[in-house]
Amino acid sequence: MDNLSPDNQERSFLSETLAAMTQFVVTHSKFCLAFALIVSIGCVLLTVFRLEFKTDRADLIDPTAAFHKKWINYTESFGSSSDLVCVVEADSPESIKYVLRTLGQRIEKHPELFENPLYQINPGDLPSKGLQYLTPRQLQVGLNRLDEYGPIYRNGRWDLTQVDLLYDRLRYQIQSRSASYRGEDTDQYLDPLFQHAAILSSSMSRFLADQNDFRSPWPSIVPVNERMRERSREVIYLLNESGTMGFLKVFPVHQEDGFDGATKAIEKMRGIIGEVVAENPEAKISLTGIPVLENDEMRKSKADMINASIISCFGVGLLLFIGFRGFRHPLLTMLMLAAGMSWAFGYTTLTIGHLNILSVSFAVILIGLGIDFGIHYLARYVELRHRGEDLEPALLKTSRTVGTGIVTAAITTALAFYCAGLTPFLGIAELGFIGGGGILLCALATFVVLPALISRADKGVEVKQMPTPFQGKWLQKMIVRFPRSVAIASLAIVGFCASQMVHKTEDGWSSKVVYDYNLLNLQASGLESVEIQKRIFNDAQNSLLFAVSVADSPEEARELRKKFEALPAVHHVDELASRVPAHSSEETNLLVQSFRAQLTHLPSDVPQVNRLNPSTIGRKLEQFYVLLSRYNHPTAQATARMLDQFLNRFESMTLTQQSRFLDEFQYRTTASLLGQFQALRGASDSTPVRFSDLPRSLTSRFVSAEGKWLIQVYPRNHIWEIEPLEEFVKEVRSVDPNVTGTPLQNYEAAQQIKSSYKTASIYALAVICIVLLIDYLSRSHAVLGLVPAIILAVCTWFILFNRGTPISVEAAIGMFLVMSIGVSFVLDRSSVCHALLTMLPPIVGGIVMFGILAMTSIDLNPANLIVLPLILGIGVDDGVHVVHDFRMKKGPYKTSPSTINAIVMTSLTSMIGFGSMMVATHRGLYSVGLVLVIGVACCLFVSLVTLPALLTWISNRQEATDTVSMDDDEDSQRNRKKKRQNQERMEAAA
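As the structure is a prediction and not an experimental result, all values here were calculated from the model.

**Topic: the overall build of the protein chain**
- From N to C terminus, the protein chain includes 34 helices and 14 strands.
- With 990 residues in all, the protein chain has 53% of them scored as buried.
- A total of about 45,100 Å² of accessible surface is found on the protein chain, and carbon and sulfur atoms cover 57% of it.

Written out as structure tokens, the structure is:
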């Protein structure tokens, strides 16, 4: 009997509906094709004019997520742009500064592309208001110290700056304080005098050793070190600590539509860099920053996806040509796919309205998956034609038989995608929604477009002209002859791969399949923007990523800065509040004015003082040395040794050399004190500090229009890796729970991506199981198996929730599945077993895939994790067709040639579609293609070897059981017949 005869076909509402639909399409093929063409053209036009693109990574995140709300609040205050960063490397800091100036001046000529370039910080008017940055107490201490110099600057007694008189005064003060204060407090009162003596003696010793090395011998009147005083007057460039790298930061002006984003600004910046490098060949200039990384990734991805789509189309077409051994039918299938994809683009435009960095890949996914339905349909149709069926009956029977499997496979695959739409990560949710709809539309095109095309193309074609597809007869024979051996051998391979997934460590068993969080590892290898990021951290011990905290006032910003700087994971903190006086002008105004009033009448030139007598200086220094030697104070002892060395060298000089040295040192000593007075007077402007006094390039970055103050927190470690990133995030949140920034966005997004794919896989698995039960069970059994389980699971969840011990959604789904499968197993054991066998390709194939990934050290990452829901959909698709083929047959099972051909062809087209991504230079896309090719190959192995071998083994055992049962029935009937005959004879004899 023909295995495909009506006697073996299970008539159902779905199969008859599909047959009726095919009858209508074939009868009105011209109308259906014209309608499909018009709809396709309309979808294409709608896509061209209405479909938008979102290129920002922030567009992938749900705006209602708590962590993303913090980012949105930050960007609303300070703008969403991140800096483009030019990194300049040269032989010397001066060369770097020159190149930075050149770059900055040229960038400032293009305000339409660049905003707020920052490469140097000019002091502006701040030095004239420098005293306002001191506390009132510091200012009062400074006034008291200044008063000690009153005879000099008020009375014009500049002769008091003579070195011999300075030592006389110090000696007198030390002796008088020693007499006045005795006991433990002596050192406390003598320490300032010893410090002054040390400064004066050190200055003389250094100047004697090197006449170019003069250090002021006067203690600071106000507590500001000399380096800070110098920095207040100089132009500061953005250099690393070692002076080997310089940085220029600038905001790019974004284009609002299309894939351009910051492309124009980045291209112009690269052009300017090229010009500056040509003029300064000794300098190396690199461009990086978050906008550059994202732009490079987007452009690489876009180019790679276009190339992958072209390669995928040609590869799939070539495979169809080889598999069906002709041009006509593969061309018809590709036309069906084109129609389905155009509908999918129109559906995307009408529903979502845009594509993002992830969902832009759905075209390649549809090429690999959408063609599968047409291949299954075409393979069964060609097989039926070779069995002698005419054109129209063959199409009707194809829809009635394999059509139900196509619908089931399409629904399960689409639901696997739609489950991703339930996840919190917006990028994955949109991809799931678009992919699910696209799969269903490609399945619809299989029943609307393909039969109409075939009815027109094969009209009048003889059966001998039909192609003879690949049938896999050697595989059929091997499985039919040795089903048990093939099943055991394939399961042994599965077991070996499963054993490679884990390994034993000191802490127990752990997975060998690694999840790589580092987003830099997804970028194209050797990309300049990526390599310079790594080099900046390795060579400059700096990071271009930073967390941001927002304060309501300068005081709060300064307080937060102190707390952040105390964290071990923080390298440094940048903020602007420290450039604003910590105290109000009302608190410091009078004190600052006192400095200006006292220092009003200073000489413009260095006053002349009496020449120093070398013998007098020698004698007084000797006396001072003897005095210091009496004290055990460490500073006194160190100063005494310093004076002893100075006197030894001083006495070895000629009288002329001694006089010249003393004249020069005395002049510089007087000049340095006058310079200190003049600096104080120059910093004594009491006008309050205004924002206009601060550089625009800083205020635009650190102060918002609403008066919010920004704090940038830079990490100590390389936070592209997950361990230091977790530590950094945890520590900065301990200071400010509302902290945000790119590192925290990356961290939360990575966690959300991983969780979303895991959740989508669990949901998809549950939905697929439900669909399979509905497909395989009768209507009454499906209702009895599913409805009570749903009610019981919901009631249990609700009761536990009211008791304050709610269970997770995943646990509730698991409970529902266990109950529904258990009840269904009691009602119809064979159908439930068939449903479980259908799940073998995705489950077992997934285990083999992960084993191979572990053995080949291929890591999972945020890009290729899409393999989880996809493998479920692809594997179930294969399993559905094999089990449907099994259920249509009576007796020992042998896989239909059309099923083998269709599964081989669909798997290979999927592998070509996904494998085309392996030509990508973007390592994320490459890894997606590689992992999916491995996954589809594993599902193909299980679908054509493991599953058919198990089904054949099961059917053979059932056949043997049925045969034994029939033999037993015949023997029983024979024995009963003999008993009746004997009883009749006995009755006749009686």
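Text resumes after the structure shown.
**Looking at helix 11 (residues 290-324)**
- End to end, helix 11 covers 49 Å across 35 residues, agreeing with the expected 51 Å (1.5 Å per residue, within 8%).
- Backbone geometry just after helix 11 places Arg 325 at a positive phi near 55°.

**Some remarks on a nonpolar patch on the surface**
- A cluster of nonpolar side chains, contributed by Leu 37, Ile 41, Val 44, Leu 45, Val 48 and Phe 49, occupies part of the molecular surface with about 620 Å² of accessible area.
- Its location among the elements puts Ile 41 in helix 2 (residues 29-50).
- The exposure class of Ile 41 is partly exposed, given its relative accessible area of 46%.

**Some points on the environment of Leu 51**
- Its place among the elements puts Leu 51 in the loop between helix 2 and strand 1 (52-53).
- Through-space distance from the C-alpha of Leu 51 to that of Leu 355 is 7.5 Å; in sequence the pair is 304 residues apart.

**Structural notes on the sheet that holds strand 7 (residues 284-288)**
- The four strands are arranged 3-6-2-7 in an open sheet whose pairing can be described as antiparallel. Only two strands of the sheet have a single partner each, and these edge strands are strand 3 (114-118) and strand 7. Direction aside, neighbouring strands of the sheet carry axes that sit 20° apart on average.
- The pairing of strand 3 with strand 6 (residues 245-252) spans three bridges and is classified as antiparallel. Bridge assignment links Glu 115 to a residue of strand 6, and that residue is Phe 251.
- Packing against the sheet, helix 10 (residues 263-279) makes contact with strand 2 (84-89), strand 3, strand 6 and strand 7, and its axis sits at approximately 175° to strand 7.

**Focus: the packing of helix 2 against helix 16 (residues 450-457)**
- At a minimum axis separation of 9 Å, helix 2 and helix 16 run at an interaxial angle of 130°. Relative to helix 16, the element helix 2 lies oblique. Helix-helix and strand crossings are classified by hand; for helix 2 and helix 16 the assignment is left-handed. Of the residues in helix 16, those touching helix 2 at Ser 29, Lys 30 and Leu 33 are Ala 452, Leu 453, Ser 455 and Arg 456.

**Observations regarding the pattern of salt bridges**
- Under the criterion given, the structure shown has 23 salt bridges.
- As a salt-bridge pair, Lys 708 and Asp 552 come within 2.7 Å of each other at their nearest N and O atoms. Taken together, the positions of Lys 708 in the loop between helix 25 (696-702) and strand 13 (709-715) and Asp 552 in the loop between strand 11 (547-551) and helix 20 (554-565) put the pair 156 residues apart, joining distant regions of the chain.
- Its relative accessible area of 28% is what places Lys 708 among the partly exposed residues.
- Salt bridges here are not isolated pairs; linked through shared partners, they connect Arg 380, Glu 383, Arg 387 and Asp 885.

**Here's the deal with unusual backbone geometry**
- Of note, the phi angle at Asn 116 is positive, near 50°, even though the residue is not glycine.
- Note that Asn 116 resides in strand 3.
- What makes Asn 116 buried here is its relative accessible area of 19%.
- Positive phi, normally seen in glycine, also occurs at Ser 857, with a value near 55°.

**Overview of helix 5 (residues 136-148)**
- Its 13 residues give helix 5 an end-to-end C-alpha distance of 19 Å, which sits within 8% of 18 Å, the value for a rise of 1.5 Å per residue.
- Looking at helix 5, one finds that the buried residues are Leu 139, Gly 142, Leu 143 and Leu 146. Considered in projection along helix 5, the buried side chains sweep an arc of 100° and stay on one side of the axis. Exposed positions of helix 5 whose direction lies more than 90 degrees from the buried face are Arg 137 and Glu 148.
- If you follow the buried residues of helix 5, they end up packed against helix 6 (150-153), helix 21 (585-598) and helix 24 (655-682).

**Side note on the packing of helix 27 (residues 742-776) against helix 29 (residues 809-827)**
- Interaxial distance between helix 27 and helix 29 falls to 11 Å at its minimum, and their mutual angle equals 20°. In terms of axis orientation, helix 27 runs roughly parallel to helix 29. In this structure, the crossing between helix 27 and helix 29 has a hand that is left-handed. In contact with Thr 759, Ile 762, Tyr 763, Ala 766, Cys 769, Ile 770 and Leu 773 of helix 27, helix 29 contributes Val 809, Glu 810, Ile 813, Phe 816, Leu 817, Ser 820, Ile 821 and Ser 824.

**Overview of the sheet that holds strand 11**
- Read across the open sheet, the four strands follow the order 12-13-11-14; overall the sheet is antiparallel. The open sheet terminates on both sides in strands that have one partner only, identified here as strand 12 (570-575) and strand 14 (740-741).
- The pairing of strand 11 with strand 14 spans two bridges and is antiparallel. Paired with Ala 547 across the two strands is Gly 741, which belongs to strand 14.
- Relative to the sheet, helix 26 (residues 722-735) contacts strand 11, strand 12 and strand 13, its axis offset from that of strand 13 by approximately 145°.

**Comments concerning the pairing of strand 2**
- Extensive coverage of strand 2 is indicated by the burial of six of its six residues.
- In this structure, strand 2 lies alongside strand 6, joined through six bridges in antiparallel fashion. Its bridge partner lying in strand 6, Val 85 is registered against Lys 249.
- Note that strand 2 and strand 7 share five bridges and pair antiparallel.

**Digging into the pairing of strand 6**
- Of all the eight residues making up strand 6, eight are buried; the element is thus mostly covered by neighbouring parts of the structure.
- Burial along strand 6 is two-sided: Met 245, Phe 247, Lys 249 and Phe 251 facing one way and Gly 246, Leu 248, Val 250 and Pro 252 facing the other are all buried.

**Describing the side chain of Ser 342**
- Following the sequence through the fold, Ser 342 ends up in helix 12 (residues 328-351).
- Assessed through its relative accessible area of 10%, Ser 342 is described here as buried.
- Among the polar contacts listed, one links the side chain of Ser 342 to the backbone oxygen of Ala 339, at a separation of 2.7 Å.
- Beyond its immediate chain neighbours, meaning those up to four positions away, Ser 342 contacts Ser 40, Cys 43 and Val 44.

Criteria and cut-off values
- Residues numbered from 1 in each chain as written.
- Predicted model: local features only at pLDDT ≥ 70, side-chain atom pairs only at ≥ 80, totals over all residues.
- Heavy atoms only, no water.
- Helix = DSSP H or I, 4+ residues; strand = E, 2+ residues; numbered from the N terminus.
- Buried < 20%, exposed > 50% of the residue type's maximum accessible area, 1.4 Å probe, protein only.
- Areas by Shrake-Rupley, 256 points an atom, 1.4 Å probe, with all protein chains shown as cover.
- Expected span 1.5 Å × (residues − 1).
- Patch = residues over 30% accessible without salt bridge, like charges linked within 9 Å, V, L, I, M, F, W, Y side chains within 5 Å.
- Salt bridge = Lys/Arg side-chain N within 4 Å of Asp/Glu carboxyl O.
- Pairing = 2+ DSSP bridges.
- Axes fitted to C-alpha atoms, helices over the stretch in contact; angles between N-to-C directions.
- Contact = heavy atoms within 4.5 Å.
- Parallel < 35°, antiparallel > 145°, perpendicular 65-115°, else oblique.
- Left-handed = near helix turned anticlockwise from the far one by under 90°.
- Arc of directions from axis to C-beta.
- Polar contact = N/O pair within 3.5 Å; in protein donor to acceptor, adjacent residues only side chain to side chain.

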